[in-house]
Amino acid sequence: MIQLEKCGKNKLKRFFDRQLEQWPDVKTRFQKLAVVQVRDINCGTNTVKVQFNPARMVSTGARIDKQSLGKRPCFLCEKNRPEAQISKFIDGQFELLINPFPILPMHFTIPAHRHQPQHIYENYGEIHRILTEFDNIIVFYNGPKCGASAPDHLHFQGGTSGILPLQTSWQRLSANAETIVAISDEEYITAIRDFICPAFCIHSRTEKSDVTLFRMLYAVLPKLENDTEPMMNIVSWRTGGDFISVVFPRRKHRPACYDAVSGAQLLVSPGAIDMGGLLILPREEDYFRITPETIQQIYDEVSITFEDQEIIGQRLKDNFSLSGLRQMEKPFSRQPLVTVGIVSGNELHLMLNKPYMAKGKTVSGAQTVSYSEGGILWNGNHYRELTFQPQATDASFTLDDVTIGIDFHWERKETQTFPGTLRLVVDGERILAINELPVEKYLESVISSEMRATSSSELLKAHAIISRSWLLAQMLKRRSEDDETRDHFSFVRRDDELIRWYDHEDHTLFDVCADDHCQRYQGITKAASSHVAEAVRTTRGQVLMSEGEICDARFSKCCGGVSEEYQFCWEDTPKPYLIAVRDADERAVPNLQNEKNALRWIRSEPTAFCNTQDKEVLLQVLNDYDQETADFYRWHVHYTQEELSTLIQQKTKMDFGCIVDLIPLKRGKSGRISRLKIVGTKRSFIIGKELEIRRILSETHLYSSAFVVEKSHFETGIPQQFDIHGAGWGHGVGLCQIGAAVMGADGYRYDEILLHYYRGATINKLYK
């Protein structure tokens, strides 16, 4: 036997052509396959292709009883293969061979290198790995009593994709499928009910999720006594980043007509290809006399019933519900991967600083990708999705023109470097770059981006826990929502009012973005210090929890003396751990929802942890561009009538005429305004919540919505000058970063810092 070198990324076609050149008999069989007789037979709403293929008599007529198997040498073991048959290693366990008795234009057998029984449970993940390496084929599996002609030697098969009626009808079949369970909006199990026989579909994106879903389904499939596994066939393929596996549960190996006598016999032994709608008949007489009724009878006999499918589906739901309860108690048992949206554009320029793998090639150095004809153009080829997988643990990539501080006064573009995987997808008419990496690695960058390495160790540990908590809470929220419940933003709109809040639901293609909208992430552009790495390592897996759930641990730069409550900035669902807290020892929170109290509070500078001008402390929290912001505890903005009216008109697209007044209608517990009435000479309008107010009253953002307005220089009753006096920097919910920095400098432990801002929460460890 000729042995190819271990190079699993070679083109399949090259391997296929080389094998045919060296094996004339098999080349002849593939040539004959191109002209075999095939006809379409309509069975209700489905079409079954019937192929007359006499070469398949070897498989169709194979005896698979234990005694017969024991008498013949295993034709999949290397020592028993023909000398002309060459192989190609896929990984350390499986090889690629040409199937010498083909059904498909390109047909492969994929045996395990070691002789072992056909068994899917521990080996299902190989399907995902094969499709990851060869994304243009189908992979299929025949159970020991479901079409496998060598059930004594573990193997899969693969071949030309897009031929099976299962695939050609997939748009209709998947549209009418019922979702049974889902572990995310992109990974789920559905019941296929409109095909010629019942089936289940596993839709996944990662190998881990693929295996998890399969094992959930496997656990509820019926298994006959003395069988090694539930009877099944599997047909799998890949569409971009989506992996599709259709599982056909079986109740019988061969139909009764297989063993019938005289003219009643039809030599049909359904395997995965047959279950996918391509029925293989090795005898010409069977090919011409088979009827739609007979075909349907064959499928009905070997498949489970639709009633069985309902029972299996219900068991799957019940089991998932129980496991879901356990998952709510401890949602992450291992460190997860996070996907981060970095930058988008019509053309992206990147540098692969070490070797990466993409579309079967090892690449490095400068790369350019551009949006073209609805896809991604790279090296002259179009792709729906393009993934660069690192080939070394220290591999990184660099992206040009990454915007930071989007819509804020410090907005700028930078060249930034990131570790891990780079995934490019089409988003509208732009290409979106997504970085995938382990959560703990991501946190090292976030904390380094959010604050200085000179921060106290207690502050760094506290920030590691809140960043991890916030991130995992958002990931859980995203995975638990479907497309119908996830909005890009939320709002209430009436003729005279717009109340809008912006949150993580802006992101549907990735978990979090890299900018301040989520958590500032700059990859390894600036190396994480040993102090930051130590803080992340020391607190690994630790999160804040409340009432059995991971806390949505919000934080901002400066609360202004009192932290805000969640519902005044986002949806009206108060969170017990995000309540108003006086940022000073245990002093009581003043009633800042009262206008007189709010005025007095904002125009004064009460004692608070975050009321500091200590440069050493501020340097712990404020990066270079953050230090461009001065007077954050109390601040002042001045507008003329012309400046303010022009600004509001530009931001709202409404003509208010001259601005007469800005009236707070509702304040939160920190004094931040959540509903503001803009009164003009031509119209009045109400806006909210806090971020919308900050955006409309500034070219970028006001520091916060905790402000009072002083009007002056009236002309015919209309003020010509507006002075806005404010408190704090950011939304003010949760931890106050500057206040926490002061607490750390004053000797507070990280748990004391956290439980000061997140009242009633506990610190739990999710994973090791």
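Residues numbered from 1 in each chain as written. Predicted model: local features only at pLDDT ≥ 70, side-chain atom pairs only at ≥ 80, totals over all residues. Heavy atoms only, no water.

With an unreviewed UniProt entry as reference, the protein is termed Stage II sporulation protein, source organism Hoylesella pleuritidis F0068.

A. Spotlight on the nonpolar core. Ranked by size, the top nonpolar core spans 99 residues in total, and within it Phe 388, Leu 424, Tyr 442 and Tyr 758 carry the most contacts. For this core, the leading source of residues is helix 14 (residues 457-480), giving 11 residues. Both domain 2 (337-478 + 497-554 + 748-765) and domain 3 (595-733) contribute no fewer than three residues apiece to this core. Discounting chain neighbours no more than four positions away, the residues touching Phe 388 are Leu 352, Tyr 356, Met 357, Ala 358, Val 363, Trp 378, Thr 421, Leu 422 and Leu 424. Leu 12, Ile 98, Ile 127 and Tyr 218 belong to the second-largest nonpolar core, a separate cluster that totals 48 residues. (Core = buried A, V, L, I, M, F, W, Y, C linked by side-chain atoms within 4.5 Å. Buried < 20%, exposed > 50% of the residue type's maximum accessible area, 1.4 Å probe, protein only. Helix = DSSP H or I, 4+ residues; strand = E, 2+ residues; numbered from the N terminus. Domains from an automatic or database assignment. Contact = heavy atoms within 4.5 Å.)

B. The pairing of strand 16 (residues 361-372), seen in detail. Pairing geometry for strand 15 (residues 347-358) and strand 16, over nine bridges, is antiparallel. By the bridge assignment for strand 16, Met 357 is matched with Thr 362. Taken together, strand 15 and the strand that follows it, strand 16, pair antiparallel across an intervening segment of two residues, in which Lys 359 is found at a positive phi of about 50°. As judged from the three bridges shared by strand 16 and strand 17 (residues 375-378), these two strands associate in the antiparallel manner. Bridge pairing in strand 17 links Ser 372 to Gly 375. (Pairing = 2+ DSSP bridges.)

C. A look at the packing of aromatic side chains. As enumerated under the stated definition, the model contains 23 aromatic pairs in all. Between Phe 16 and Phe 30, the aromatic rings sit 5.1 Å apart at their centres with planes inclined by 90°, giving edge-to-face as the arrangement. Linking Phe 16 in helix 1 (residues 12-22) with Phe 30 in helix 2 (residues 24-33), this pair joins segments that are 14 residues apart in sequence. For the pair Phe 16 and Phe 30, one class covers both residues: buried. By the ring-pair criterion, three or more aromatic residues cluster together here, those being Tyr 356, Phe 397, Phe 418, Tyr 442 and Tyr 521. Seen from the ring of Trp 501, Lys 689 lies directly overhead, with NZ or CZ sitting 4.8 Å from the centre. (Phe/Tyr/Trp six-rings, centres within 6.5 Å; stacked < 30°, edge-to-face > 60°. Lys NZ or Arg CZ within 6 Å of the ring centre and 35° of its normal.)

D. A look at the sheet that holds strand 1 (residues 38-43). Strand order in the open sheet made by the three strands is 1-2-13, with mixed pairing throughout. Looking at the sheet topology across the chains shown, the edges are occupied by strand 1 and strand 13 (278-281). Averaged over all neighbouring strand pairs, the angle between strand axes comes to 30°, with direction disregarded. Here strand 2 (residues 46-52) runs beside strand 13; their pairing, made up of four bridges, is parallel. From the neighbouring strand, Lys 49 faces strand 13, where its bridge partner is Leu 278. Relative to the sheet, helix 11 (residues 292-302) contacts strand 1, strand 2 and strand 13, its axis offset from that of strand 1 by approximately 80°. (Axes fitted to C-alpha atoms, helices over the stretch in contact; angles between N-to-C directions.)

E. Structural detail: the pattern of salt bridges. Scanning the model with the defined rule gives 35 salt bridges in all. The shortest N-O distance in the salt bridge between Arg 193 and Glu 178 comes to 2.4 Å. With Arg 193 in the loop between strand 9 (187-192) and strand 10 (199-204) and Glu 178 in strand 8 (residues 178-184), the pair connects residues that are 15 residues apart, well separated along the chain. When its relative accessible area of 30% is taken as the criterion, Glu 178 is described as partly exposed. With its nearest N and O atoms 2.4 Å apart, the salt bridge here joins Lys 252 to Glu 301. Separated by 49 residues along the polypeptide, Lys 252 in the loop between strand 12 (242-249) and helix 9 (272-275) and Glu 301 in helix 11 bring together distant segments of the chain. One continuous salt-bridge network, built from bridges that share partners, spans Glu 186, Arg 205, Asp 242, Arg 384, Glu 385 and Arg 423. (Salt bridge = Lys/Arg side-chain N within 4 Å of Asp/Glu carboxyl O.)

F. Focus on the packing of helix 5 (residues 125-133) against helix 8 (residues 207-220). Helix 8 packs onto helix 5 with a crossing angle of 145° between their chain directions and a minimal axis gap of 9 Å. The hand of the helix 5/helix 8 crossing is right-handed. Seen from helix 5, the contacting residues are Gly 125, His 128 and Arg 129; seen from helix 8, they are Glu 207, Asp 210 and Val 211. (Left-handed = near helix turned anticlockwise from the far one by under 90°.)

G. Examining the sheet that holds strand 34 (residues 707-715) more closely. The strand order across the open sheet built from three strands is 30-35-34, with neighbouring strands paired in antiparallel fashion. Every other strand in the sheet has two partners, leaving strand 30 (634-640) and strand 34 as the edge strands with one partner each. The mean inter-strand angle of the sheet, taken between neighbouring strand axes irrespective of direction, is 20°. As paired strands, strand 34 and strand 35 (residues 718-727) are joined by eight bridges and run antiparallel to one another. Considered in strand 35, the bridge of Val 709 is made with Ile 724. The strands touched by helix 16 (residues 595-602) within the sheet are strand 30, strand 34 and strand 35, with strand 34 carrying the most contacts at an inclination of about 90°. Against the sheet, helix 18 (residues 641-652) touches strand 30 and strand 35, its axis set at about 95° to strand 30.

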